[in-house]
Amino acid sequence: MFLYFCSEYVLRLALVGSGEYTAAMTDVEAELIEAGMRFGKREGFIQFATAAGQESKSRIEYWRELGCKQAERIGVKCKFIPVLNREDALNSEHLETISGASLIYFSGGDPIHLAKSLHATQLLKFIKEEFISGSSLAGCSAGAMAMSSETAIHWRKNKERHTGFEILPNTQILPHYDRYFSRIPMPIQNLITGAAKSHKTIGIDEDTAVIWNDGKWQVKGRSKVHLLSPKLEGAKSGYVSGENIDWLENPLPDYN
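Here we summarise the structure given alongside this text. This one's a predicted model, so the numbers in the text were calculated from it and none came from an experiment.

**Focus on the sheet that holds strand 11 (residues 239-240)**
Thinking step 1. Taken together, four strands build an open sheet; the order of strands is 6-7-10-11 and the sheet is mixed. The open sheet has two edge strands with one neighbour each: strand 6 (172-174) and strand 11.

Rendered as structure tokens:
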């Protein structure tokens, strides 16, 4: 009964195509923080730049500063968690810092590196527990890709798939859809991404998010969310801000 209650009315999950910590996502991120606070979580958010962990120190600092500036705009505090690889993810000291945060946010980079770093760790288990207890959870670009049962192939680096966070089952997520895929014929898209083999594959445009909130998925942002393949009864090619998506799975993490 508790899991059903949480899955319908408590969980707040945001899948973002791009634009984390920018003006395009300020309202979305503020809403996620407010949602966590309504369930007794502390004001502010936690930053994970793990997906960029193989990049330069200056790039990591870029993500940290971007998040801090967004926190200032919203009027809350933020905390950057220095988990850049699997060794960092195994450090149990980070758990106390994360505990009770209103929003836990994974920014962009390499989804395979992100998934491998956190796979089967106490850190990921703890994040799921915080999620089900009321913390909002968000992933942008690579962060969104990692929320699924299995990451999509990273089209820019041609890497293998990997088991994701298993927050969102049976769904493959393709961010930056309008930038990388919108002009490519669908059969070629399917070959590149393996969309035809996935139960459900969605493309999320830049500066656009799809959010699980109060038992439904809703699109927010400047552009669209797309169903790629296979076609589902009653589904259409693009959903704009304010529209609900009825055919996406409920976010139900595997707590076993």
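From this point, things continue past the structure.
**Considering helix 3 (residues 57-74)**
Thinking step 1. The terminal C-alpha atoms of helix 3 lie 26 Å apart, and with 18 residues this matches the ideal 26 Å at 1.5 Å per residue to within 8%.
Thinking step 2. At its buried positions, helix 3 is contacted by helix 2 (26-38), strand 2 (42-48) and strand 3 (78-81).
Thinking step 3. In the segment just after helix 3, G75 is the residue with positive phi, at about 90°.

**Focus on the nonpolar core**
Thinking step 1. Of all hydrophobic cores here, the largest spans 43 residues; its most connected members are L15, F48, F106 and L118.
Thinking step 2. Among the elements that make up this core, the one with the highest residue count is helix 7 (residues 122-132) (six residues).
Thinking step 3. Once you skip the residues sitting within four places of it in the chain, L118 turns out to touch T50, V83, R86, A89, F106, L123, L124, I127 and F165.
Thinking step 4. Counting 22 residues, the second largest nonpolar core, distinct from the first, contains A14, A71, F80 and A209.

**Thoughts on the side chain of E29**
Thinking step 1. Relative to the elements of secondary structure, E29 occurs in helix 2.
Thinking step 2. Despite being buried, E29 has no salt bridge partner; R73 is the closest side chain of opposite charge, sitting 6.7 Å away.
Thinking step 3. A polar contact is formed between the side chain of E29 and the side chain of Q70, at a distance of 2.7 Å.

**Side note on the packing of aromatic side chains**
Each aromatic ring pair is described using two quantities: the centre-to-centre distance and the angle formed by the ring planes.
Thinking step 1. Across all of its chains, the model carries seven aromatic pairs by this definition.
Thinking step 2. Between Y21 and F45, the aromatic rings sit 5.7 Å apart at their centres with planes inclined by 20°, giving stacked as the arrangement. Taken together, the residues Y21 in the loop between strand 1 (13-16) and helix 2 and F45 in strand 2 connect sequence positions 24 residues apart. Taken as a pair, Y21 and F45 share a single burial class, namely buried.
Thinking step 3. Taking the centre distance of 4.6 Å and the plane angle of 10° together, the rings of F48 and F106 count as stacked. Linking F48 in strand 2 with F106 in strand 4 (residues 101-106), this pair joins segments that are 58 residues apart in sequence.
Thinking step 4. Aromatic ring contacts, followed pair by pair, group Y21, F45 and Y105 into a single cluster.

**With respect to the pairing of strand 1**
Thinking step 1. With burial as the criterion, each face of strand 1 is covered, one bearing L13 and L15 and the other bearing A14 and V16.
Thinking step 2. As defined by bridge partners, strand 1 adjoins strand 5 (residues 136-140) across four bridges and the pair is classed as parallel. Opposite L13, over in strand 5, you have L137 as the bridge partner.

Procedures and definitions
Residues numbered from 1 in each chain as written. Predicted model: local features only at pLDDT ≥ 70, side-chain atom pairs only at ≥ 80, totals over all residues. Heavy atoms only, no water. Pairing = 2+ DSSP bridges. Helix = DSSP H or I, 4+ residues; strand = E, 2+ residues; numbered from the N terminus. Expected span 1.5 Å × (residues − 1). Contact = heavy atoms within 4.5 Å. Core = buried A, V, L, I, M, F, W, Y, C linked by side-chain atoms within 4.5 Å. Buried < 20%, exposed > 50% of the residue type's maximum accessible area, 1.4 Å probe, protein only. Lys, Arg positive; Asp, Glu negative; His and termini not counted. Salt bridge = Lys/Arg side-chain N within 4 Å of Asp/Glu carboxyl O. Polar contact = N/O pair within 3.5 Å; in protein donor to acceptor, adjacent residues only side chain to side chain. Phe/Tyr/Trp six-rings, centres within 6.5 Å; stacked < 30°, edge-to-face > 60°.

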